[in-house]
Amino acid sequence: MTALPADAAAWAMLALAAALVGFSKTGIAGTGSLPILLFATVLPAKESTGALLPVLIIADLFAIRFYSRHVEWRVLGRLAPWVVVGTVGGAVVLWFVDDTLMKLLIGVILLAMLALQLWNRLRPKAEASQPPSGLARRSAAAGAGVAAGATTMMANAAGPVMVLYLMLSGFPKLRFLGTMAWFFFAVNLFKVPFSVGLGLISWHTLLTAVVLIPAIAVGALIGRAVVHRINQRQFELATLVLSGVGSALLILSAATA
């Protein structure tokens, strides 16, 4: 059972992570990997996934409040069955792995998501700009749904998968943010029974999330304010580099444990 952090430095790190969660939900989604790393630093890696989940749900509510009118429901319908498959698979993995292996899995997942984002940036623009259609669209939905379900269950790290999928669909910014908001709110609620059953969510984790609400709100408001005013390309590049470094450190710590 996850206990409350005992010192001010740990709470400060969790507050920073919570603010980044809020910012990633309403502003630049590429910052979503950093809170995962911060929570896994303060708490045992496996328990950190459950402790972060209520924080994510609260931040999802802010995103829905800001962007609820801009949703592509057909995309969510195509993804839904595949996300269920991936989430169940991720829950099975969590049942069997220990904390050391969980650190390794989180690191590998984040590095894989980083590689996908870099590949999307580096491939030819003409190829990158073509949205999936027909069989390709259904295949993309299946792959993205399973990957998103598995990575969000194991490491709360489905953000890069959905960023890629929605960008390839050619969504305008507000529709992108609104669809992301409703997708993750539904998926995170679906994960709650699994996390409770695995012992990853307790009264301690819920109390931690409540304490962090002001930090989540600050991050969400900042994200909303800057989403139209920031050089997103440079910011996302910096976030990708930081995510890669953090992922490598997680893998290194697991290998030397």
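Everything here concerns the structure above.
Residues numbered from 1 in each chain as written. Predicted model: local features only at pLDDT ≥ 70, side-chain atom pairs only at ≥ 80, totals over all residues. Heavy atoms only, no water.

## A word on a nonpolar patch on the surface
We apply this condition: Patch members must show over 30% relative accessible area and no salt bridge, and they are joined within 9 Å when carrying like charges or within 5 Å when they are nonpolar side chains of Val, Leu, Ile, Met, Phe, Trp or Tyr. Areas reported as accessible are Shrake-Rupley estimates using a 1.4 Å probe. Residue values count occlusion only from the protein chains shown. By salt bridge we mean one thing: a side-chain nitrogen of Lys or Arg within 4 Å of a carboxyl oxygen of Asp or Glu. Put simply, DSSP marks the helices as runs of H or I at least four residues long and the strands as runs of E at least two long, and each gets a number from the N terminus on. Buried, partly exposed and exposed residues are distinguished by accessible area as a fraction of the type maximum, computed with a 1.4 Å probe on protein chains only: under 20%, between the cut-offs, and over 50%, respectively.
On the surface, V84, V88, V92, W95, F96 and F190 cluster together into a nonpolar patch covering about 600 Å² of accessible area. Take the nonpolar patch: its biggest share by element is 5 residues, from helix 4 (residues 73-96). Here V84 is to be found in helix 4. Residue classification places V84 among the partly exposed residues on the basis of a relative accessible area of 37%.

## What about empty space enclosed by the protein?
Over the atoms rolls a probe the size of a water molecule, and its path tells where empty space is left. Defined as follows: Think of a 1 Å grid over the protein atoms and nothing else: a 1.4 Å probe that fits but is trapped marks a cavity, an open set flanked by protein within 12 Å on at least five of seven lines marks a pocket, and residues with an atom within 4 Å of a point count as lining. Grid points are joined across faces, edges and corners, and a volume is the space filled by probe spheres set on the points.
By the definition in use, this model includes 3 cavities of 30 Å³ or more. Size it by volume and the largest cavity reaches roughly 300 Å³. Residue lining of the largest cavity: 23 residues in total, with S24, K25, G32, G159 and F184 positioned closest to the centre. Of all the elements in the fold, those that place two or more residues in the lining of the largest cavity are helix 1 (8-26), helix 2 (33-42), helix 3 (45-67), helix 8 (159-168) and helix 9 (173-197).

## Structural notes on the packing of helix 2 against helix 3
In plain terms, the rule: Throughout, an axis means a line fitted to C-alpha atoms (over the contacting stretch in the case of helices), and angles, computed between N-to-C directions, take values from 0 to 180 degrees. What sets the label is the angle itself: under 35 degrees gives roughly parallel, over 145 gives roughly antiparallel, 65 to 115 gives roughly perpendicular, and the rest give oblique. Rotating anticlockwise by less than a right angle from the far helix to the near helix defines a left-handed crossing, while the corresponding clockwise rotation defines a right-handed one. Any two residues having at least one pair of non-hydrogen atoms within 4.5 Å are treated as being in contact. For this classification, the nonpolar set comprises Ala, Val, Leu, Ile, Met, Phe, Trp, Tyr, Cys and Pro, the charged set comprises Asp, Glu, Lys and Arg, and every other residue, Gly included, is treated as polar.
Between helix 2 and helix 3, whose axes approach to 8 Å, the crossing angle comes to 125 degrees. By the angle class used here, helix 2 and helix 3 are oblique. When you trace helix 2 past helix 3, the crossing you get is right-handed. Two secondary-structure elements touch here, helix 2 through P35, I36, F39 and A40 and helix 3 through A45, S48, A51, L52 and V55. Among the residues making up the contact of helix 2 with helix 3, the classes are represented as 8 nonpolar, 1 polar and no charged.

## Focus on the pattern of salt bridges
Taken as a whole and assessed by the stated rule, the structure comprises 3 salt bridges. We note a salt bridge from K25 to D60, for which the minimum N-O separation is 2.8 Å. Here the residue K25 occupies a position in helix 1, and D60 occupies one in helix 3, the gap between them amounting to 35 residues. Note on accessibility: K25 and D60 belong to one class, buried. For R74, the salt bridge goes to E72, with nearest N and O atoms at 3.0 Å. Overall, the relative accessible area of 12% leaves E72 in the buried class. It is possible to trace a salt-bridge network through shared partners that takes in E72, R74 and R175.

Function-wise, these values are silent; they only describe arrangement.
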